[in-house]
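Descriptive analysis of the structure
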Amino acid sequence: MKFLVVGDGFVKSFLFVDVFRKYFPDAKFVEHEVPWPNESFYDTDEVKECSGTPDELMPLVKDADVLVVDTAPITEALLKAASKLKAVACTRGGPVNVNIKACTSMKILLNLYTLAMPAP
């Protein structure tokens with residue numbers, strides 16, 4: 001199983017990797033950071049309050065099973081590039097940066113996570 005964990009300048013990817021590694025010790029983890037809060041959020045017609053670009057994530061997500069994001073833009077094109085993707089976990093209070101309609105139509109589970117998960 002492969003996780004792509006995309007953090008930012010505030011919510012670092014390693015915070016989630018450290019927790020998930022306890023639950024999935026044999027998984028492969030790829031980490032990436034987008035530039036928020038050093039760069040302002042932007043909105044598109046498809047997603048809101050995003051940092052980074054789908055293009056920078058395309059090569060990283062192509063063979064991921066699980067995508068964990070905070071502020072990265074999860075667009076329909078990005079989801080289509082992720083042929084093995086089974087789930088998206090959004091770590092923020094509301095997944096406005098995730099195209100929920102595309103996740104639903106592609107049967108990709110969308111879940112909200114926090115660091116308050118109990119240790120195994």
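Everything here concerns the structure above.
Residues numbered from 1 in each chain as written. Predicted model: local features only at pLDDT ≥ 70, side-chain atom pairs only at ≥ 80, totals over all residues. Heavy atoms only, no water.

1. Quick look at the pattern of salt bridges
Applying the stated rule across the entire model yields 4 salt bridges. Note that Lys2 is salt-bridged to Asp63, the shortest N-O span being 2.5 Å. You can see Lys2 sitting in strand 1 (residues 2–7) and its partner Asp63 sitting in the loop between helix 2 (54–61) and strand 3 (66–69), a full 61 residues away along the chain. Residue classification places Lys2 among the buried positions, given a relative accessible area of 12%. Residues Arg92 and Glu49 are paired through a salt bridge, measuring 2.7 Å at the closest nitrogen-oxygen approach. Of this pair, Arg92 sits in the loop between strand 4 (87–90) and helix 4 (100–105) while Glu49 sits in the loop between strand 2 (28–33) and helix 2, and the two are 43 residues apart along the sequence. Since its relative accessible area comes to 14%, Arg92 is described here as buried. Owing to a relative accessible area of 37%, Glu49 belongs among the partly exposed residues under this scheme. (Salt bridge = Lys/Arg side-chain N within 4 Å of Asp/Glu carboxyl O. Helix = DSSP H or I, 4+ residues; strand = E, 2+ residues; numbered from the N terminus. Buried < 20%, exposed > 50% of the residue type's maximum accessible area, 1.4 Å probe, protein only.)

2. Observations concerning the nonpolar core
Among the nonpolar cores identified, the biggest contains 21 residues, and Val6, Leu67, Leu79 and Val88 are the most heavily contacted of them. Among all residues touching Val88, those that are not within four sequence positions of it are Leu67, Leu79, Val98, Cys103, Ile108, Leu109, Leu110 and Asn111. Counting residues in each nonpolar core, the second largest holds 11 residues, with Val5, Val11, Phe16 and Phe20 among its members. (Core = buried A, V, L, I, M, F, W, Y, C linked by side-chain atoms within 4.5 Å. Contact = heavy atoms within 4.5 Å.)

3. A word on the environment of Val69
Tracing the chain through its elements places Val69 in strand 3. Classification of Val69 by relative accessible area gives buried; the value is 1%. A C-alpha to C-alpha distance of 8.4 Å links Val69 and Ser13, two positions 56 residues apart in sequence. Once you skip the residues sitting within four places of it in the chain, Val69 turns out to touch Val6, Ile74, Ala89, Cys90, Thr91, Asn97 and Val98.

4. Digging into the state of the cysteines
Enumeration over the complete set of coordinates arrives at 0 disulfides. Cys90 provides the cysteine sulfur closest to Cys50, a residue in no disulfide bond, and the two sulfurs are 9.9 Å apart. Summary of cysteine pairing: Cys103 is not part of a disulfide, and the nearest cysteine sulfur, belonging to Cys90, is at 9.7 Å. Given a relative accessible area of 1%, Cys103 falls into the buried group. (Disulfide = S-S within 2.5 Å.)

5. Quick notes on the packing of aromatic side chains
Scanning the model with the defined rule gives 5 aromatic pairs in all. A centroid spacing of 6.1 Å and a plane angle of 90° characterise the contact between Phe10 and Trp36, whose relative ring orientation is edge-to-face. Linking Phe10 in the loop between strand 1 and helix 1 (13–23) with Trp36 in the loop between strand 2 and helix 2, this pair joins segments that are 26 residues apart in sequence. Looking at Phe10, the relative accessible area reads 61%, which means it is exposed. (Phe/Tyr/Trp six-rings, centres within 6.5 Å; stacked < 30°, edge-to-face > 60°.)

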